[in-house]
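# Examining the three-dimensional arrangement
Next come the chains, spelled out residue by residue.
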Amino acid sequence: MEASMATGPAANPPANSEGILIGDKVYSEVFLTIDNSLIPEEKLSPTPSMQDGLDLYVETDLRILGCELIQAAGILLRLPQVAMATGQVLFHRFFYSKSFVKHSFEIVAMACMNLASKIEEAPRRIRDVINVFHHLRQLRGKRSPSPLILDQNYINTKNQVIKAERRVLKELGFCVHVKHPHKIIVMYLQVLECEKNQTLVQTAWNYMNDSLRTNVFVRFEAETIACACIYLAARVLQISLPSRPMWYQLFGATEEEIKDICTTTLKLYTRKKAKL
């Protein structure tokens with residue numbers, strides 16, 4: 001999340017404005033906001049990783065793997081889904097600011113998981129976070145699970161995660177609020193009088209949780225993502241929704257945005273699973 005801070009000399013400040021006089025200039029209008037969490041189009045490509053020579057396909061694989069790790073770790077840590085979602089969004093935001101070439105995606109994933117658990121008021125000990133990632137690494141390597149040894153290697157990892165967490169906070173300007181579409185989906189379905197269809201609600205949520213592995217959460221507002229997930233769920237379940245005018249226009253979404261989010265999400269299901 002980026003904080004917008006506009007501060008500068010007010011050449012012709014309004015008569016009733018309250019500014020700070022520094023020298024012969026009046027400085028005013030310090031503006032901090034967490035509303036604008038979307039990444040500008042120009043920063044989406046080329047990414048810092050692409051500038052360091054990393055192929056976009058490989059970068060996308062790393063994003064998906066990092067988010068899958070956060071999701072799997074969150075389940076083992078018994079975190080609420082909202083904390084896992086926050087961790088994944090922070091992971092995406094960070095790697096639009098920094099490169100996969102220069103930062104370990106696994107260490108950053110641990111840091112985002114640890115940070116998200118605190119943001120969503122379900123904190124976990126850093127030792128537990130490292131332990132869960134250690135366990136997942138063993139499962140990936142098809143090795144028999146063994147306990148984490150608290151040796152120098154563990155201490156080094158712990159220090160790396162702590163530093164990475166600080167780096168994430170710094171890069172995101174300490175603005176780490178994430179707006180999630182879970183409740184928005186339910187609210188929109190209530191307006192459409194479909195909230196009692198639990199299959200529709202659950203399918204829309206499933207698409208939303210899957211879309212966390214893509215970059216849609218840094219490109220579109222939560223309300224637009226909610227519309228796209230309902231649209232996808234309704235199409236799959238063959239449920240008709242109002243079309244004159246299109247129902248999603250009521251919630252401020254456009255056909256172009258809906259198609260973009262749907263296509264990006266559906267591409268996940270046809271993509272070859274990456275080998276870490």
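Bear in mind the structure is a predicted one, so any value in this text is a computation, not a measurement.

Scoring rules and cut-offs
- Residues numbered from 1 in each chain as written.
- Predicted model: local features only at pLDDT ≥ 70, side-chain atom pairs only at ≥ 80, totals over all residues.
- Heavy atoms only, no water.
- Helix = DSSP H or I, 4+ residues; strand = E, 2+ residues; numbered from the N terminus.
- Buried < 20%, exposed > 50% of the residue type's maximum accessible area, 1.4 Å probe, protein only.
- Contact = heavy atoms within 4.5 Å.
- Axes fitted to C-alpha atoms, helices over the stretch in contact; angles between N-to-C directions.
- Left-handed = near helix turned anticlockwise from the far one by under 90°.
- Parallel < 35°, antiparallel > 145°, perpendicular 65-115°, else oblique.
- Nonpolar A, V, L, I, M, F, W, Y, C, P; charged D, E, K, R; others polar.
- Core = buried A, V, L, I, M, F, W, Y, C linked by side-chain atoms within 4.5 Å.
- Patch = residues over 30% accessible without salt bridge, like charges linked within 9 Å, V, L, I, M, F, W, Y side chains within 5 Å.
- Areas by Shrake-Rupley, 256 points an atom, 1.4 Å probe, with all protein chains shown as cover.
- Salt bridge = Lys/Arg side-chain N within 4 Å of Asp/Glu carboxyl O.
- Lys, Arg positive; Asp, Glu negative; His and termini not counted.
- Charge placed at Lys NZ, Arg CZ, Asp CG, Glu CD.
- Phe/Tyr/Trp six-rings, centres within 6.5 Å; stacked < 30°, edge-to-face > 60°.
- Lys NZ or Arg CZ within 6 Å of the ring centre and 35° of its normal.

### Some words on the overall build of the protein
Helix and strand counts for the protein come out as 12 helices and three strands. Looking at the protein residue by residue over its 276 residues, the buried ones come to 44%. The contacts of the protein with a sequence gap of at least 6 include a subset with a gap of at least 24, amounting to 73%.

### Topic: the packing of helix α8 (residues 182-191) against helix α11 (residues 222-236)
In a pair of packed helices, the angle between the axes and the distance between the axes together describe the arrangement. Put simply, α8 and α11 touch, their axes get as near as 9 Å, and they point 60° apart. In this structure, α8 crosses over α11, and the sense of that crossing is right-handed. Counted together, Ile 184, Ile 185, Tyr 188 and Leu 189 of α8 and Ala 222, Glu 223, Ala 226, Cys 227, Cys 229 and Ile 230 of α11 form the full contact between these two elements.

### A look at the packing of helix α5 (residues 105-119) against helix α7 (residues 152-171)
Packing of α5 against α7 brings their axes to within 8 Å, and their N-to-C directions diverge by 65°. Relative to α7, α5 is oriented roughly perpendicular. Seen from above, α5 lies across α7 with right-handed handedness. Side by side, α5 and α7 meet where Ile 107, Val 108, Met 110, Ala 111, Cys 112, Asn 114, Leu 115 and Lys 118 of the first sit next to Thr 157, Gln 160, Val 161, Ala 164, Glu 165, Val 168 and Leu 169 of the second. Taken together, the residues that form the contact of α5 with α7 break down as 10 nonpolar, three polar and two charged.

### A closer look at the nonpolar core
Judged by nonpolar contacts, the single largest core of 75 residues is most densely connected at Phe 91 and Met 113. If you tally residues by element for this core, the top one is α11, at 10 residues. Ignoring any residue separated from it by four or fewer positions in sequence, one finds Phe 91 in contact with Leu 62, Arg 63, Gly 66, Cys 67, Ile 70, Phe 100, Phe 105, Val 108, Ala 109 and Cys 112.

### Remarks on a positive patch on the surface
Side chains of Lys 163, Arg 166, Arg 167 and Lys 170 sit close together on the surface and give a patch of like positive charge. Within the fold, Arg 167 resides in helix α7.

### Focus: the environment of Glu 193
Structurally, Glu 193 is set in the loop between α8 and α9 (198-211). When the C-alpha positions of Glu 193 and Leu 241 are compared, they lie 9.8 Å apart, and in sequence the two are 48 residues distant.

### Considering the packing of aromatic side chains
Each aromatic ring pair is specified by the distance between its two centres and by the angle formed by the two planes. A complete count under the given rule lists nine aromatic pairs for this structure. Consider the rings of Tyr 188 and Phe 251, whose centres lie 3.8 Å apart with planes at 10°: the pair is stacked. You can see Tyr 188 sitting in helix α8 and its partner Phe 251 sitting in the loop between α11 and α12 (255-270), a full 63 residues away along the chain. Between the aromatic rings of Trp 247 and Tyr 248, the centroid separation amounts to 5.6 Å while the plane-to-plane angle is 75°, which identifies the pairing as edge-to-face. Like Trp 247, the residue Tyr 248 is buried in the burial classification. The rings of Tyr 188, Tyr 231, Trp 247, Tyr 248 and Phe 251 are connected pair by pair, giving a single aromatic cluster. One Lys or Arg, Arg 63, reaches over the ring of Tyr 96 and ends 3.9 Å from the middle of that ring. Directly above the aromatic system of Tyr 57 lies the positively charged group of Arg 271, at a separation of 3.9 Å from the ring centroid.

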